[in-house]
Amino acid sequence: MKKKYFIVFLSISLFLLSLAVAQAEVKKRTVIFDQGHGQKFVIEKEGDLQLSRLSGLLKGKGFDIKANAGPINNAALKTADVLIISGAFRPLSAEEINSVLRFVERGGKLCVMLHIPQPLTGLMSRLKVYASNGVIQEQENTINNAPKNFYITNMGKHKITKGLKKIGVYGAWALMTESPTAQIIGRTGPKAWIDLNGDGKFNSTDARQSFGVIIAGTLGKGRYVIFGDDAIFQNKFLDQENMSLGKNLADWMK
C-alpha cells in the first residue's frame, strides 16, 4: 500500500515539475524602451528614423515590448528583463542612474544607443565608459563617400558580433572604457579621426587612430552594451548587416 501511495505522489510531483518548467518556458521576457528623456525616435512610429522595426524584430524573437514615458525608477523596471535607452536628449537624474545600475547589478540587461552622449554621460561614467567630444570621421570603408557614415569591419569576439563581417554606422561617437569587465567589440580602422579643433579638416591637432564604437561589459549579475550611434537600429538602416546585428542583440538579451 505504501508503495502505491509513493508512486502516486511521485507521479504528481513529476507532473507539477513539468508544468512549472513549461510555464517558465512560455513566460516572455520584457523589454522596456525608455521614451521619457526627450527621445525623437520611438517604437510606435514608422518613419525612416524610428525604431518600430527594431521593436518588431524583438517581438518576433519572443519578447514583450513596452515603452516607458516616465522616469526610470524601480517601479518602471520591476517587470523588465531588458532596458533600452536610445537617442536620449535629456539627461538621466542621479536617482534614475542609481535605479538603472541596481537593475543591471541584479541581473538585468542594459542597451544604450547614443544620439548625443551628454544625456548619458552620468550613467556611462558610473560604468567607466566615456565618449568623445566629436563624431568620428573615417577615411576607409565610407558609405557613399561620406566620412561620417562608414562600415565597422573590426569586430571583437562576442555574442553580439558573432558572424558579422561589417555593420554600418551613421554619425558615431568614439567610446573608451576603463572597466576591467568591459571590452571594445567594434572599432574603426586606424585612419579614423575626430575634428578636435572644429576647423572641418584633418590636421596635426586632431586625433587619428582606431576608435571604439561598441562596448560590452558586465556589472554584478547583469550585462550591458553601449553603441556610439543610435542610427544603427533605426528603420532606414536596419537592413542586411545591421539586421544581423539586431538579431544577435536579441539573442544576447535572452
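Above this text you will find the structure in question.
This write-up is about the structure you can find in this document. (Residues numbered from 1 in each chain as written. Predicted model: local features only at pLDDT ≥ 70, side-chain atom pairs only at ≥ 80, totals over all residues. Heavy atoms only, no water.)

**Focus on the packing of aromatic side chains**
So the rule is basically this: Stacked, tilted and edge-to-face are the three classes assigned to paired rings of Phe, Tyr and Trp, where Trp is represented by its six-membered ring and a pair needs centres within 6.5 Å; plane angles under 30 degrees give stacked, over 60 edge-to-face, the rest tilted. What counts as a helix is a DSSP run of H or I of at least four residues, what counts as a strand is a run of E of at least two, and both are numbered from the N terminus. Think of it in three bands: with a 1.4 Å probe and only protein chains considered, a residue is buried below 20% of the maximum accessible area for its type, exposed above 50%, and partly exposed in between. Either the NZ atom of lysine or the CZ atom of arginine qualifies as a charge over a ring when it sits within 6 Å of the ring centre and within 35 degrees of the ring normal.
In total, this model carries three aromatic pairs according to the counting rule given. Ring centres 3.9 Å apart and planes at 20° place the aromatic pair Tyr170 and Phe237 in the stacked group. On the criterion of sequence distance, the pair formed by Tyr170 in strand 9 (residues 167-170) and Phe237 in the loop between strand 15 (222-227) and helix 5 (241-253) is long-range, its members being 67 residues apart. Seen from their ring centres, Phe227 and Phe233 are 5.1 Å apart, and the 85° between their planes marks the pair as edge-to-face. Taking the relative accessible area as the measure of exposure, Phe233 reaches 0% and is therefore buried. For Lys40, the ring lying beneath its charged end belongs to Phe89, and the centroid distance is 4.7 Å.

**Considerations on the pairing of strand 14 (residues 212-219)**
Regular strands place side chains that alternate from one sheet face to the opposite one. Note the threshold: Two strands make a pair as long as DSSP finds a minimum of two bridges between them.
Along strand 14, six of the eight residues are buried, which leaves the element largely enclosed by surrounding structure. With five bridges connecting them, strand 11 (residues 182-187) and strand 14 associate as antiparallel partners. Across the sheet, Ile184 pairs through a bridge with Ile215, a residue of strand 14. Looking at chain direction, strand 14 and strand 15 are connected through six bridges and run antiparallel. For Ala216, the partnering residue across the bridge sits in strand 15 and is Val225. In sequence, strand 14 turns back onto strand 15 through a hairpin of two residues, with Gly220 there showing a positive phi of about 60°.

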